[in-house]
Amino acid sequence: MSDRYDVVIIGAGPGGYVAAIRAAQLGLRTACIESRGRLGGTCLNIGCIASKALLQSSHKFAEAGRHLAEHGVKIGKPELDLASMMGRKDNVVTTLTRGVEFLFRKNKIDWVKGKGRIAAPGRVIVSGTDDASQEIEAGSIVIATGSASSPLTGIEIDEKRVVSSTGALALDRVPGRLVVIGGGYIGLELGSVWQRLGAKVTVVEVLDHIVPNMDRELGTALQRVLARSGMEFKLATKVADLRTGEDDLILELEGAERQSLTADVVLVSIGRRPYTEALGLEAIGVARDEHGRVVVDDGFATNIPGIYAIGDAIRGPMLAHKAEERESRLPNGSPGRRRLSTTMQSQRWSTPGRRLPQSVRLKKNSRRLRFLTGSGDSRSPPIPARGPTVTPRASSRSSRRARRTGYSASTLSAPMPAP
């Protein structure tokens, strides 16, 4: 006999785990399916948090070696302990992912470990690591599977010498020569980490400017800063071929002129694509666009009743805080599909004297509380809720702070990790 839930969420990233917690707080029996051994998705495990931890550590290393003497602090040449630096990064990730696990236990959310596939509306098959499978029934299904690194045709990623952003966060040595294919913010961020630690970094970008999704002037200023730090750029240049030598990698480049470039490690960072291939969407008829993204309406409902999608799996910026915004349009099955803004604004975080991280606060005049309520033009009916439970107001101190900042807190009773 299969388990029955009001809401089943596939994916435990910043969109999925926040949606699961909120649904459970509204009284819905909730399950969250995640194939990784830890919650938090790409952002907490192999994305935002891990990269920012290394950015901070590499910045301190560079400051100790190059800038402290300007302030009269002489410590000699610093020695790099890469294993300890990576250990700190892993500890930061572990702390935050355990925090999400605590919130799951606190809100009585079932974490189903395995890969989820939608067999039919209201039915999900979960395949575990031991090839065992189980069937879950759901009143509504939320797709929050996130994204994965985009591959480059003709280049095989082994996560050792040719790496994606995942492998670049776990190198066991500082490469002498690192070539970054792609001038987006992910490649530049990771390239700057290894450049500070001693690598000679070259960025190869097919366009004539870096960070193409940002303002042109911002990209020019950023390139100038990075070039002063020692990073080299080959713009309007395409990687035609990559050959593996005994000790190095040889890239054939096509630009104004054809040239070769050698590297110890190559980072392929040309963007990200939605992770929707293994969900069985074609079989049940869920519409996707030409890029594989799930097509949704203003209420994040797909063309199949009872199935919704948020985060990187749909069209829009691939940012963790955007996924969190989408989950804040919450379930409510009351007549007239009334908004939840009044309820949300009347509730306070139960820990006195503290505020939620900015990424999970809600504005008083929020226009985002439509997800699964049916208050937009959703083709799917709202998820029936048993009604939210209002938590006690916090101290007057936190109330004054909420009024002063223009924010009201959500019903979370513990701080959630910021992506």
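Just above sits the structure.
The paragraphs below set out a description of the structure included in this document. Values in this document were obtained by computation on a predicted structure and should not be read as measured data.

Calculation rules
Residues numbered from 1 in each chain as written. Predicted model: local features only at pLDDT ≥ 70, side-chain atom pairs only at ≥ 80, totals over all residues. Heavy atoms only, no water. Helix = DSSP H or I, 4+ residues; strand = E, 2+ residues; numbered from the N terminus. Buried < 20%, exposed > 50% of the residue type's maximum accessible area, 1.4 Å probe, protein only. Lys, Arg positive; Asp, Glu negative; His and termini not counted. Salt bridge = Lys/Arg side-chain N within 4 Å of Asp/Glu carboxyl O. Polar contact = N/O pair within 3.5 Å; in protein donor to acceptor, adjacent residues only side chain to side chain. Contact = heavy atoms within 4.5 Å. Phe/Tyr/Trp six-rings, centres within 6.5 Å; stacked < 30°, edge-to-face > 60°. Lys NZ or Arg CZ within 6 Å of the ring centre and 35° of its normal. Pairing = 2+ DSSP bridges. Axes fitted to C-alpha atoms, helices over the stretch in contact; angles between N-to-C directions. Expected span 1.5 Å × (residues − 1). Patch = residues over 30% accessible without salt bridge, like charges linked within 9 Å, V, L, I, M, F, W, Y side chains within 5 Å. Areas by Shrake-Rupley, 256 points an atom, 1.4 Å probe, with all protein chains shown as cover. Parallel < 35°, antiparallel > 145°, perpendicular 65-115°, else oblique. Left-handed = near helix turned anticlockwise from the far one by under 90°. Nonpolar A, V, L, I, M, F, W, Y, C, P; charged D, E, K, R; others polar.

Glancing now at the side chain of Glu-205. Within the secondary structure, Glu-205 sits in the loop between strand S10 (200-204) and helix H7 (216-228). Buried charge Glu-205 goes without a salt bridge, the closest partner of opposite sign being Arg-216 at 11 Å. For Glu-205, the side chain forms a polar contact with the main-chain nitrogen of Gly-183, separated by 2.6 Å. With residues near it in sequence (within four places) discarded, Glu-205 still touches Gly-182, Gly-183, Gly-184, Lys-234, Leu-235, Ala-236 and Thr-237.

The full count for this structure, using the stated rule, is zero aromatic pairs. Directly above the aromatic system of Tyr-5 lies the positively charged group of Arg-29, at a separation of 4.2 Å from the ring centroid. Here Lys-113 stacks its cationic end above the ring of Trp-111, 4.4 Å away from the centre of that ring.

Bringing the environment of Glu-254 into the picture now. Structurally, Glu-254 is set in strand S13 (residues 249-254). Since its relative accessible area comes to 35%, Glu-254 is described here as partly exposed. For the pair Glu-254 and Lys-238, spaced 16 residues apart in sequence, the C-alpha separation works out to 5.1 Å. Not counting the four nearest positions on each side in its chain, Glu-254 is found in contact with Ala-236, Thr-237, Lys-238 and Ala-240. A polar side-chain atom of Glu-254 sits 2.6 Å from a polar atom in the side chain of Arg-258.

Adjacent strands of a sheet form backbone hydrogen bonds with each other and so pair up, either parallel or antiparallel. The three strands are arranged S12-S13-S14 in an open sheet whose pairing can be described as antiparallel. On the outer flanks of this sheet lie strand S12 (238-244) and strand S14 (258-263), each paired with one strand and no other. Neighbouring strand axes in the sheet, compared pairwise and without regard to direction, differ in orientation by 25° on average. Pairing analysis gives six bridges linking S12 to S13, with the strands arranged antiparallel. Pairing of Asp-241 across the sheet is with Glu-252, part of S13.

This brings us to the pattern of salt bridges. Where side chains of opposite charge bring their charged atoms close, a pairing between them can arise. Evaluation of the coordinates by the stated rule reveals 14 salt bridges. In this structure, Arg-243 and Glu-252 form a salt bridge, with 2.9 Å as the shortest nitrogen-oxygen distance. Judged by relative accessible area, which is 38%, Arg-243 ranks as partly exposed. Between Glu-282 and Arg-288 there is a salt bridge, with its nearest N and O atoms 2.4 Å apart. Residue classification places Glu-282 among the exposed residues on the basis of a relative accessible area of 51%. Each of Asp-289, Arg-293 and Arg-315 takes part in a single network of salt bridges with overlapping partners.

All right, on to the sheet that holds strand S8 (residues 162-163) then. The strand order across the open sheet formed by five strands is S8-S15-S9-S10-S11, and the pairing between neighbours is parallel. On the outer flanks of this sheet lie S8 and strand S11 (232-234), each paired with one strand and no other. Relative to strand S15 (residues 265-268), S8 runs parallel, the two being bridged by two bridges. The partner of Val-163 across the bridge, within S15, is Leu-267.

Here the focus is helix H1 (residues 14-25). Compared with an ideal rise of 1.5 Å per residue, which puts twelve residues at 16 Å, H1 spans 17 Å between its outermost C-alpha atoms and is within 8% of the ideal. For H1, a buried count of twelve out of twelve residues is recorded, marking the element as mostly surrounded by other parts of the structure. For H1, every residue scored as buried is listed here: Pro-14, Gly-15, Gly-16, Tyr-17, Val-18, Ala-19, Ala-20, Ile-21, Arg-22, Ala-23, Ala-24 and Gln-25. Gly-27 sits one or two positions beyond H1 and adopts a positive phi of about 95°.

Next up on the list: helix H3 (residues 48-66). One turn of the α-helix equals 3.6 residues, which is why residues spaced by three or four share an orientation. An ideal rise of 1.5 Å per residue puts 27 Å on 19 residues; H3 measures up with 26 Å between its terminal C-alpha atoms. When we look at burial in H3, the residues that qualify are Ile-49, Ala-50, Ser-51, Ala-53, Leu-54, Leu-55, Ser-57, Ser-58, Phe-61, Ala-62 and Ala-64. Packing partners of the buried residues in H3 comprise helix H2 (41-46), helix H4 (82-106) and helix H6 (185-196).

So, about a nonpolar patch on the surface. Together, Tyr-185, Met-214 and Leu-218 give the surface a local cluster of nonpolar side chains, amounting to about 290 Å² of exposed area. Looking at the secondary structure, you find Leu-218 in helix H7.

The phi dihedral of Lys-108 is positive, around 60°, even though this residue is not glycine. As for its position among the elements, Lys-108 is in the loop between H4 and strand S3 (110-113). For Lys-108, a relative accessible area of 70% corresponds to the exposed category. You will see that Glu-159, though not glycine, has its phi angle at about 60°, which is positive. Positionally, Glu-159 belongs in the loop between strand S7 (147-149) and S8.

Running from N to C, H1 and H4 cross one another at 25°; their axes reach a closest spacing of 10 Å. Compared by their axis directions, H1 and H4 come out roughly parallel. In this structure, H1 meets H4 at a crossing whose hand is left-handed. Only Val-100, Leu-103 and Phe-104 of H4 make contact with H1, whose side of the interface consists of Tyr-17, Ala-20 and Ile-21. Along the lines of polarity and charge, the residues of the contact of H1 with H4 split into six nonpolar, no polar and no charged.

All right, on to the side chain of Thr-145 then. With respect to the helices and strands, Thr-145 occurs in the loop between strand S6 (133-143) and S7. Residue Thr-145 is classed as buried on the basis of its relative accessible area of 18%. Among the polar contacts listed, one links the side chain of Thr-145 to the backbone oxygen of Tyr-275, at a separation of 2.7 Å. In contact with Thr-145, not counting residues within four places along its chain, are Ile-10, Tyr-275, Thr-276, Leu-279 and Ala-313.

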